[in-house]
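Tertiary structure, described
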Amino acid sequence: VSPHNLVRHLAMDFDIGFSKVSVCADAAAAMFPSEPRTATITARVEAENAGAVLVALMDAELVVDATAALSTERDLSASAHAARTASVFLSPSGRSSVLLLEDRGRQLRLLELEAQYYRAILNAPWGATHLAAEGVVRPGATCRDVSFVLSPERVQVHAAILSEQLRLSVVNDAARISIWTLEADGGVTHLRLPVAEGREHRSIEWTIGWDTELRSRLRRARAEQLPQETGGVLLGIIDTALKRIQIVDLVCAPVDSTGSEA
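Residues numbered from 1 in each chain as written. Predicted model: local features only at pLDDT ≥ 70, side-chain atom pairs only at ≥ 80, totals over all residues. Heavy atoms only, no water.

1. A look at the packing of aromatic side chains
The test is simple: Ring pairs shown here join Phe, Tyr and Trp side chains whose ring centres sit within 6.5 Å, with only the six-membered ring taken for Trp; geometry is labelled stacked below 30 degrees between planes, edge-to-face above 60, and tilted in between. Every helix listed is a DSSP run of H or I at least four residues long, and every strand listed is a run of E at least two residues long, numbered separately from the N terminus. Exposure is judged per residue with a 1.4 Å probe applied to protein chains only, and the accessible area is read against the type maximum: over 50% gives exposed, under 20% gives buried, and values in between give partly exposed.
Within the structure shown, the criterion is met by two aromatic pairs. A ring pair is formed by phenylalanine 89 and tyrosine 117, whose centres lie 5.7 Å apart and whose planes are at 70°; its orientation type is edge-to-face. One end of the pair, phenylalanine 89, is in strand β2 (residues 84-90); the other, tyrosine 117, is in helix α4 (residues 110-123), with 28 residues separating them in the sequence. With a centroid separation of 5.7 Å and an interplanar angle of 35°, the aromatic rings of tyrosine 117 and tyrosine 118 are classed as tilted. Residue tyrosine 117 is classed as buried on the basis of its relative accessible area, which comes to 3%.

Given below as structure tokens:
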């Protein structure tokens, strides 16, 4: 636990320097004293899924990533464990929270849902302010380095929403992408994004992923120009550790681009 973690964590000032895992286990034991104490594993998920971490993933019915690290979400996404996996996180300002939940059969993994979430940010009006921060502090080389000024009130509201909605969502088999945003008057706006089916192609040691909505967008862009064709730009995620390229969206050719039938 680092000092800048306290605003978004149940840890208190006197927990600084202790493992987040043990702090959470102590809190759970205090809230539910009649239940067996929660088992703790202090290890990184991405450390080659070694030892106890791998055993825990294989035995789990549900895995929830609440870290601040993109690498953790993506390693869980690529892992061969069978447990349905979710990722929950806040926007930088704390005004919005996000739930990415795989389907029960894990046909759509977290990385694919992440890409569809990014496409919505790029194309929807609310996306212009979704990732804005209201004040930046640099603690230095921890928790992805950049930390944000954040109201603990927002953290608690979103923690309650995510906890309840995750619990209710796992009853259904389908994948889910949901965003909750706090309004100035205290209300909460919920946006549930449509989820498209995933597709992928393996080439040598790399995997290229996309989804059916992106395919439809590409086909529409092509049909509008035929028989004259020219190039555009694909936007996506390149993960060299996983050797995967996940295509997020397309940018059509600029208006002054010259197309031809050749």
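This is not the end of the story, as more comes after the structure.
2. Considering a nonpolar patch on the surface
Applicable threshold: Patch construction takes residues with relative accessible area above 30% that form no salt bridge. Like charges are linked within 9 Å, and nonpolar side chains (Val, Leu, Ile, Met, Phe, Trp, Tyr) are linked within 5 Å. We get accessible surface area from the Shrake-Rupley algorithm with a probe of 1.4 Å; when it comes to residues, only the shown protein chains can shield them. Salt bridges are identified by distance alone: a Lys or Arg side-chain nitrogen within 4 Å of an Asp or Glu carboxyl oxygen.
On the surface, a nonpolar cluster with roughly 310 Å² of combined accessible area is contributed by Leu122, Val233, Leu235 and Val251. Looking at the secondary structure, you find valine 251 in strand β11 (residues 244-251).

3. Some details on the nonpolar core
Nonpolar side chains in soluble globular proteins tend to end up buried together. For the record, the criterion: Working definition of a nonpolar core: buried Ala, Val, Leu, Ile, Met, Phe, Trp, Tyr and Cys residues. They are joined through side-chain atoms within 4.5 Å. Contacts are assigned to residue pairs with any non-hydrogen atoms lying within 4.5 Å of each other.
If you look at the biggest cluster of nonpolar residues, it comprises twelve residues: Val98, Leu100, Leu108, Leu110, Leu113, Tyr117, Ala120, Ile121, Ala175, Ile177, Ile179 and Leu193. Per-element accounting of this core gives the leading share, five residues, to α4. Not counting chain neighbours up to four residues away, the residues in contact with leucine 110 comprise Glu73, Ser77, Thr85, Ala86, Ser87, Leu100 and Glu102. Counting residues in hydrophobic clusters, the runner-up holds eight residues, among them Val88, Leu101, Ile161 and Leu166.

4. Re α4
Rules: Multiplying one less than the number of residues by 1.5 Å gives the expected span of a helix.
Given a rise of 1.5 Å per residue, 14 residues ought to cover 20 Å, and the 20 Å separating the end C-alpha atoms of α4 matches this to within 8%. With respect to burial, α4 is a largely interior element, eleven of its 14 residues being buried. Three or more residues of α4 are buried, namely Leu110, Leu111, Glu112, Leu113, Glu114, Ala115, Gln116, Tyr117, Arg119, Ala120 and Ile121.

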